[in-house]
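Here is how the chains run, residue by residue.
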Amino acid sequence: MDATPAAPEIKEAERQIARIPLVLNRRNFSWLTERISGVVEQPAPRWWWVAFTITASAATFGLFCLGYQISTGVGTWGNNIPVGWAWDITNFVFWIGIGHAGTLISAILFLLHQKWRTSINRSAEAMTLFAVICAAIFPGVHVGRVWMAWYLAPVPNNWAIWPNFRSALVWDVFAVSTYFTVSVLFWYTGLIPDLATLRDRATTKIRKFLFGIFACGWRGSNRNWRHYEMAYLLLAGLSTPLVLSVHSVVSFDFATSILPTWHTTIFPPYFVAGAIFGGFAMVLTLLLPARAMFKLQDVITPQHIDKMAKIILLTGSFVGYAYMMEFFLAWYSGNSYERFAFWNRVFGPYWWYWWVGMLFCNCLSPQLFWFRWCRRNVYVVYFVCMCVNAGMWFERFIIIAGGLHRDFLPSSWGLFIPTWVDIWTYIGTLGIFTSLFLLFVRFLPMIAMSEVKTAVPEADPHYATPPGIQSISPRGKERI
Amino acid sequence: MMRTPAGHKVYAMAAEYPSAAALYEAAKHVRDAGFRRWDVYSPFPIHGMDEAMGLGKSWLSGWVLFGGVSGLLTAALVEFGPSWFLYRLNVHGKPWNFWTVPAFFPIMFELTVLFGAFASFFAMLGMNGLPRWYHPMFNWERFSRVTNDGFFLAIEARDPRFTESGVRELLEKSGGQHITIVHED
Amino acid sequence: MKVTKVGRAYPLSITQEHFSIEGRGLVREATLERYRADNDFAKKIPGEEERPHQLPSIYTHPPLDAPQQWGMTVDLNVCTGCSACVIACQSENNIPIVGKLQVAHGRAMHWIRIDRYYASRKPFDQDRGDWPEDPEIVHEPMMCQHCENAPCETVCPVNATVHSEDGLNVMAYNRCIGTRYCSNNCPFKVRRFNYFDYNQRPVGKKKIAGALSIYEEYFAPLTTKGAPDIIKMQKNPNVTVRMRGVMEKCTFCVQRIEEAKIAAHARAGASAETLIPRDSFTTACAQACPTEAIVFGDIKDPESRVSKMKKQDRNYRLLEYLNVNTRTSYLARIRNPNPKMPDAANIGVASLEEKVPE
């Protein structure tokens with residue numbers, strides 16, 4: 001980079017320590033605007049319609065199942081006594097866990113100055129919102145009397161009874177609704193400059209009107225950016241403890257109870273690590289195809305995938321460690337109920353859930369990411385992510401139904417067998433989730449343009465175009 | 001109030017700059033020339049621009065502190081009110097007075113964050129005067145690139161130091177291109 | 001008579017699938033010999049050693065300060081497992097009948113159940129297909145234990161289950177939204193959930209045409225609402241029926257307690273003698289028990305029958321290590337096998353059983 005000729009070995013050392021650019025092929029601001037807005041502005045490709053038809057059909061049938069279950073009774077699911085919670089709460093924890101990666105990427109990585117977050121944070125945040133929507137369905141409809149669920153709100157009913165603020169379920173209501181609200185605010189705050197971009201590029205009246213409304217009159221003024229950046233920083237600062245608290249509070253649903261395998265202080269960090277683990281796997285599950293379909297390889301680069309794979313490796317190892325500690329603590333406690341419950345987890349009726357889900361999918365498969373070629377091979381990455389997605393569902397099922405089905409009194413031991421309603425309700429939420437994501441990539445910029453532009457070298461006010469490198473005109477246009 | 005020969009009210013004189021670095025340097029010039037009512041426009045926040053413009057820290061954080069504290073107090077009121085005063089219930093043999101507070105921490109925390117986040121969002125809009133449907137800068141055709149790759153600087157006519165020739169000279173000297181008068185309406 | 005295999009299976013609905021007590025000290029039993037050697041054996045049984053040393057509480061519990069405090073004992077020595085209590089409770093408390101399929105799905109609604117364990121000298125692992133050898137059968141009536149520190153209460157998000165000042169764990173059905181969290185957190189799994197609208201909609205198999213038949217509860221919105229008059233007339237008018245989506249459980253026959261209280265107050269008139277006379281009423285299960293194994297009454301009154309039962313050395317409480325402080329306690333079972341009988345060695349062994357592998 002230096003104008004004076006340097007010795008070849010110094011040049012080589014500089015080349016090696018130079019940071020790999022986050023946006024490849026020296027794409028300029030205009031290229032980013034074109035490519036990212038183009039996804040929204042051009043007509044939907046055929047594969048989009050095919051995918052959307054499939055996911056929307058699944059979502060519709062899932063909604064029918066919810067209607068059937070609400071009108072007929074929770075008995076349409078396989079839940080029973082002792083297994084009062086089964087797929088319903090498993091799905092809830094599964095989805096809410098997935099909904100952690102987005103805010104983690106936008107908030108914690110923001111505070112840690114990880115610029116690579118800029119190309120994935122928008123879609124990860126959107127994914128978070130959709131996952132939380134899917135999650136919120138389950139505690140909503142799993143109750144026996146859905147129409148009375150407003151008793152959970154902090155208002156007295158007609159006999160002046162208030163909710164029980166000591167209950168972890170009320171904490172959950174507050175935690176999940178706060179998390180959703182704050183995530184929406186954070187997401188929308190990030191969207192405002194990009195909505196302004198779409199507004200300024202809009203060619204039809206209706207687009208101009210709608211994007212105009214939602215862009216709030218944003219005009220990129222630095223006096224606005226000053227407050228905006230402070231608001232964004234503070235939202236990140238508020239979201240960081242929030243994202244760590246949400247899954248902690250979800251884990252309190254179990255940790256504050258007295259059941260063996262539930263009653264444990266290791267749960268909050270264990271659940272948070274698991275949530276980040278599963279969340280990143282889902283981000284990659286969605287972004288790897290989206291990146292290929294919309295030709296965004298220069299923005300979501302192998303470096304990004306590599307970094308996310310490393311986070312999956314780290315959190316996956318946390319999770320594996322937590323699994324080990326659970327067994328150790330059960331043994332060390334000397335409590336026969338605890339010891340039995342963990343013995344039963346591995347060798348009881350649900351043994352294969354543990355061997356396949358927890359051991360293989362969650363503990364072993366991410367260990368592949370120790371190897372660079374595995375992190376760089378999108379097929380290996382995708383395989384591991386699918387393993388993690390499945391494994392995290394199994395983990396929650398083992399914790400919930402596995403903990404309930406054999407507790408203190410052997411007289412009440414039982415098994416849980418899912419019905420078709422259980423299965424299709426879950427598939428339905430997968431449909432809702434993917435449908436919402438498909439709608440998102442069609443109608444909103446899936447990459448935060450204003451943020452990813454700050455990762456381009458020219459965004460630095462002290463940047464001087466190095467000699468010998470073609471200065472790319474900001475007017476340069478590239479067709480997609 | 002300045003008017004153009006055609007009778008339009010003048011909002012500002014504005015210029016476009018080729019890069020973030022150029023805009024940054026120009027901002028320093030304008031700051032040093034002592035202007036108060038002016039602004040720069042860019043597709044993304046430029047690092048260090050606040051100092052280049054001579055702007056201090058944003059006190060939006062004060063609103064957030066206020067929001068957070070009010071959330072904490074709201075939660076304490078909503079939780080202790082019924083449990084301690086309005087309707088005492090013996091739940092799991094747990095105390096109904098102050099000593100039940102560990103069970104109340106999660107909601108206190110959540111409402112602190114919730115109210116703080118609302119404060120942050122609405123203070124951002126309020127302090128920026130948003131949402132607004134209209135702004136004079138939108139009258140300039142070139143300005144639509146501000147959300148793409150354009151870098152602009154505008155000095156408002158309201159500024160006491162504003163003179164057409166002086167500002168034009170300043171903008172030219174700082175490397176501004178496409179210097180123009182922006183109409184108010 | 002000849003028995004032949006027909007090669008077909010017929011599903012039976014049972015309420016308890018597990019055989020072994022897993023060495024958990026739930027039913028405590030000894031031979032007379034052992035009891036004579038150690039009168040306090042019931043307090044030294046596996047399952048009891050998990051009990052932590054009495055630790056100081058960081059807070060004081062809200063007072064249970066009613067003049068009468070209700071409690072119960074079940075004498076396992078005389079319980080024959082006849083299930084009269086189950087039926088008495090069912091008719092007293094308007095407990096719905098759920099049909100065979102729902103029983104098979106683990107949704108029986110009985111508020112009191114008879115736990116049955118096969119005790120055998122030789123440990124067996126049912127998961128591996130072992131069967132008990134020469135088992136002895138022990139029964140244990142199980143109903144809400146009315147824990148003073150009830151784990152079900154703290155988890156209820158809507159305060160639908162709380163404690164009354166006379167020590168009952170009470171349910172407000174109208175407040176219940178049916179999260180089932182209380183049932184999950186109940187160590188005795190005595191809470192019962194209305195998975196369908198058993199009181200308002202028909203339940204069970206219905207023939208449609210030919211071999212096609214349906215279970216009507218799964219088509220509830222298509223069936224006619226409302227119970228037939230004959231069923232309505234069978235209900236106890238002092239007890240409400242519960243709708244679908246509501247949790248229910250043993251109330252210690254709270255309607256009888258309240259009836260007795262009202263009567264006592266009426267009798268007392270202006271005087272201060274408002275206490276219910278000692279042992280003047282009892283719960284439906286205790287009333288129906290042919291061997292008087294179940295005793296209910298005021299545990300604050302040292303002269304009541306239940307207090308005297310609780311003073312016996314055979315008295316023990318279940319899962320004391322959880323510090324739930326149950327109001328119901330059990331009296332250990334004493335057997336006196338005739339040594340000349342071939343099975344004598346297999347009697348009185350429920351508490352000897354080995355623990356499950358660890």
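Before reading on, note that the structure itself is shown above.
Keep in mind that this is a model prediction, so the values were computed, not measured.

Trainee: I'd like a rundown of the overall build of chain A, residues and numbers included.
Mentor: From N to C terminus, chain A includes 17 helices and zero strands. For the C-alpha atoms alone, the extent of chain A along its principal axes is close to 80 × 55 × 40 Å. Counting across all 480 residues of chain A, residues that qualify as buried make up 64%. Restricting to contacts in chain A with at least 6 residues of sequence separation, those with at least 24 account for 81%. Looking at chain A as shown, the accessible area adds up to about 17700 Å², and 71% of this sits on carbon and sulfur atoms. Averaging the positions of the 36 positive and the 24 negative side-chain charges in chain A gives two centres separated by 7 Å.

Trainee: Help me get a handle on the interface of chain A and chain B, residues and values and all.
Mentor: In this assembly, 65 residues from chain A lie in contact with 70 residues from chain B. Taking both partners together, chain A and chain B bury about 5900 Å²; carbon and sulfur atoms supply 66% of that area. If you sort the residues of chain A by the area they bury against chain B, Arg 166, Arg 219 and Arg 223 of chain A come out on top, with a joint share of 15%. Scanning the region where chain A abuts chain B turns up zero salt bridges. At the junction of chain A and chain B, the tally comes to 27 residue pairs in polar contact (both at pLDDT 80 or more). When contributions to the side of chain A that touches chain B are tallied by element, the ones reaching two or more residues are helix 2 (29-41), helix 7 (168-201), helix 8 (205-214) and helix 9 (222-255) of chain A. The element that contributes the greatest number of residues to the side of chain A that touches chain B is helix 9 of chain A, accounting for 18 residues.

Trainee: Lay out the interface of chain A and chain C in plain terms, naming residues and giving numbers.
Mentor: A common way to report how large an interface is uses the accessible area buried once the components associate. Between chain A and chain C, the residue contacts involve 66 residues of the former and 62 residues of the latter. When chain A packs against chain C, close to 5300 Å² is buried across both sides, 55% of that on carbon and sulfur atoms. The tally of links between chain A and chain C comes to three salt bridges. Across the pair Lys 189 of chain C and Asp 407 of chain A runs a salt bridge whose closest N-O atoms are separated by 2.7 Å. On the surface where chain A and chain C come into contact, there are 42 residue pairs in polar contact (both at pLDDT 80 or more). Only helix 3 (46-72), helix 7, helix 9 and helix 12 (336-347) of chain A provide two or more residues apiece to the side of chain A that touches chain C. The leading source of residues in the side of chain A that touches chain C is helix 12 of chain A, at six residues.

Trainee: Account for the packing of helix 5 (residues 101-111) of chain A against helix 9 of chain A, naming residues and giving values.
Mentor: Residues and elements named next belong to chain A. The geometry of helix 5 relative to helix 9 is characterised by a closest axis approach of 8 Å and an angle of 115° between their N-to-C directions. Remark: the crossing between helix 5 and helix 9 carries left-handed chirality. Every residue of helix 9 that contacts helix 5 at Thr 103, Leu 104, Ser 106, Ala 107, Ile 108, Phe 110 and Leu 111 is listed here: Tyr 232, Leu 233, Ala 236, Gly 237, Ser 239, Thr 240, Val 243 and Leu 244. Looking at the contact of helix 5 with helix 9, its residues break down into 10 nonpolar, five polar and no charged.

Trainee: Requested: an account of the pairing of strand 4 (residues 136-142) of chain C, with residues and values cited.
Mentor: Residues and elements named next belong to chain C. Of all seven residues in strand 4, five are buried; the element is thus mostly enclosed. Strand direction decides the pairing type here: strand 3 (residues 113-119) and strand 4, joined by seven bridges, are antiparallel. In the sheet register, Arg 113 faces strand 4, and the bridge partner there is Met 142.

Trainee: Describe the sheet that holds strand 1 (residues 10-17) of chain B, and please don't skip the residues or the numbers.
Mentor: Residues and elements named next belong to chain B. Read across the sheet, four strands follow the order 2-3-1-4 without closing on themselves; strand pairing throughout is antiparallel. Two strands lie at the open edges of the sheet, namely strand 2 (38-41) and strand 4 (177-183), each paired on one side alone. For this sheet, the mean angle separating the axes of adjacent strands, direction not counted, is 20°. Pairing geometry for strand 1 and strand 4, over five bridges, is antiparallel. Bridge pairing in strand 4 links Glu 16 to Gln 177. Packing of helix 5 (residues 164-173) onto the sheet brings it into contact with strand 1, strand 3 (151-156) and strand 4, and relative to strand 1 it is tilted by some 15°.

Trainee: Could you give an account of the sheet that holds strand 13 (residues 328-331) of chain C, naming the residues involved and the relevant values?
Mentor: Residue and element names in this part refer to chain C. The strand order across the open sheet built from four strands is 11-2-13-12, with neighbouring strands paired in mixed fashion. The open sheet has two free edges, formed respectively by strand 11 (294-298) and strand 12 (315-316), since each of these has just one partner strand. Both strand 2 (residues 70-75) and strand 11 contribute to a ladder of five bridges, which runs antiparallel. Residue pairing in the sheet places Val 74 in a bridge with Ile 294 of strand 11.

Trainee: Could you give me a rundown of a nonpolar patch on the surface, with the residues and numbers involved?
Mentor: The grouping of Ile 206, Phe 209, Leu 210, Ile 213 and Phe 214 of chain A together with Trp 133 and Tyr 134 of chain B at the surface amounts to a nonpolar patch, some 740 Å² of accessible area in total. Relative to the helices and strands, Leu 210 of chain A is located in helix 8.

Thresholds applied
- Residues numbered from 1 in each chain as written.
- Chains lettered and ligands numbered in written order.
- Predicted model: local features only at pLDDT ≥ 70, side-chain atom pairs only at ≥ 80, totals over all residues.
- Heavy atoms only, no water.
- Helix = DSSP H or I, 4+ residues; strand = E, 2+ residues; numbered from the N terminus.
- Buried < 20%, exposed > 50% of the residue type's maximum accessible area, 1.4 Å probe, protein only.
- Contact = heavy atoms within 4.5 Å.
- Areas by Shrake-Rupley, 256 points an atom, 1.4 Å probe, with all protein chains shown as cover.
- Lys, Arg positive; Asp, Glu negative; His and termini not counted.
- Charge placed at Lys NZ, Arg CZ, Asp CG, Glu CD.
- Buried area = accessible area lost by both parts, 1.4 Å probe.
- Salt bridge = Lys/Arg side-chain N within 4 Å of Asp/Glu carboxyl O.
- Polar contact = N/O pair within 3.5 Å; in protein donor to acceptor, adjacent residues only side chain to side chain.
- Axes fitted to C-alpha atoms, helices over the stretch in contact; angles between N-to-C directions.
- Left-handed = near helix turned anticlockwise from the far one by under 90°.
- Nonpolar A, V, L, I, M, F, W, Y, C, P; charged D, E, K, R; others polar.
- Pairing = 2+ DSSP bridges.
- Patch = residues over 30% accessible without salt bridge, like charges linked within 9 Å, V, L, I, M, F, W, Y side chains within 5 Å.

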